[in-house]
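Structural overview
Here's the letter readout for the chains.
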Amino acid sequence: MIGVLMGLNAVGVFGFLTRRPTLIIWRAVDLALADRTADTEAHFAIQGQTVADLDRRIAQIDAAIEAAPSVR
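Everything quoted here is computed from the prediction, not taken from an experiment.

Tallying secondary structure elements over the protein gives one helix and zero strands in all. Computed over C-alpha atoms, the radius of gyration of the protein comes to 31 Å, more than 25% over the 11 Å expected from 2.2 N^0.38 for 72 residues, which places it beyond the range of a compact globule. For the protein, the C-alpha atoms occupy an extent of roughly 105 × 20 × 10 Å along the three principal directions. In the protein, buried positions account for 0% of the 72 residues. Approximately 6,800 Å² of the protein is accessible, and the part contributed by carbon and sulfur atoms is 68%. For the protein, the distance from the average position of its 7 positive side-chain charges to the average position of its 8 negative side-chain charges is 9 Å.

Next comes the structure, spelled out in structure tokens:
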């Protein structure tokens, strides 16, 4: 019985010691993904502004075409 408990304790300690480096790696991965996500969101915001500006320009062109006298 004592041998079994010693074995379980050893397995538990081994699991605990091997888990820490894994957690450090996952923390680094999470930070990298958060940084990448922030970059992607900033890129989307810039692209959204570009699309809005192009839509505004197209609306101005359409208004100028509508206001121009037609040649018939």
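Having seen the model, we can carry on.
Applying the stated criterion across every chain yields a total of two salt bridges. Measuring nitrogen to oxygen at the nearest pair gives 2.5 Å for the salt bridge that ties arginine 56 to aspartate 53. Of this pair, arginine 56 and aspartate 53 both sit in helix H1 (residues 2-67), three residues apart, roughly one helical turn. Taking relative accessible area as the criterion, aspartate 53 reaches 24% and is therefore assigned partly exposed. Two residues, aspartate 53 and arginine 57, come together in a salt bridge whose shortest N-O distance is 3.3 Å. Taken as a pair, aspartate 53 and arginine 57 lie in helix H1 at a separation of four residues, close to a single helical turn. Each of Asp53, Arg56 and Arg57 takes part in a single network of salt bridges with overlapping partners.

The next point concerns a nonpolar patch on the surface. A contiguous nonpolar surface patch, about 480 Å² in accessible area, is contributed by Met1, Val4, Leu5 and Leu8. By secondary structure assignment, the location of leucine 5 is in helix H1.

Cut-offs used in this document
Residues numbered from 1 in each chain as written. Predicted model: local features only at pLDDT ≥ 70, side-chain atom pairs only at ≥ 80, totals over all residues. Heavy atoms only, no water. Helix = DSSP H or I, 4+ residues; strand = E, 2+ residues; numbered from the N terminus. Rg over C-alpha atoms; globule rule 2.2 N^0.38 Å. Buried < 20%, exposed > 50% of the residue type's maximum accessible area, 1.4 Å probe, protein only. Areas by Shrake-Rupley, 256 points an atom, 1.4 Å probe, with all protein chains shown as cover. Lys, Arg positive; Asp, Glu negative; His and termini not counted. Charge placed at Lys NZ, Arg CZ, Asp CG, Glu CD. Salt bridge = Lys/Arg side-chain N within 4 Å of Asp/Glu carboxyl O. Patch = residues over 30% accessible without salt bridge, like charges linked within 9 Å, V, L, I, M, F, W, Y side chains within 5 Å.

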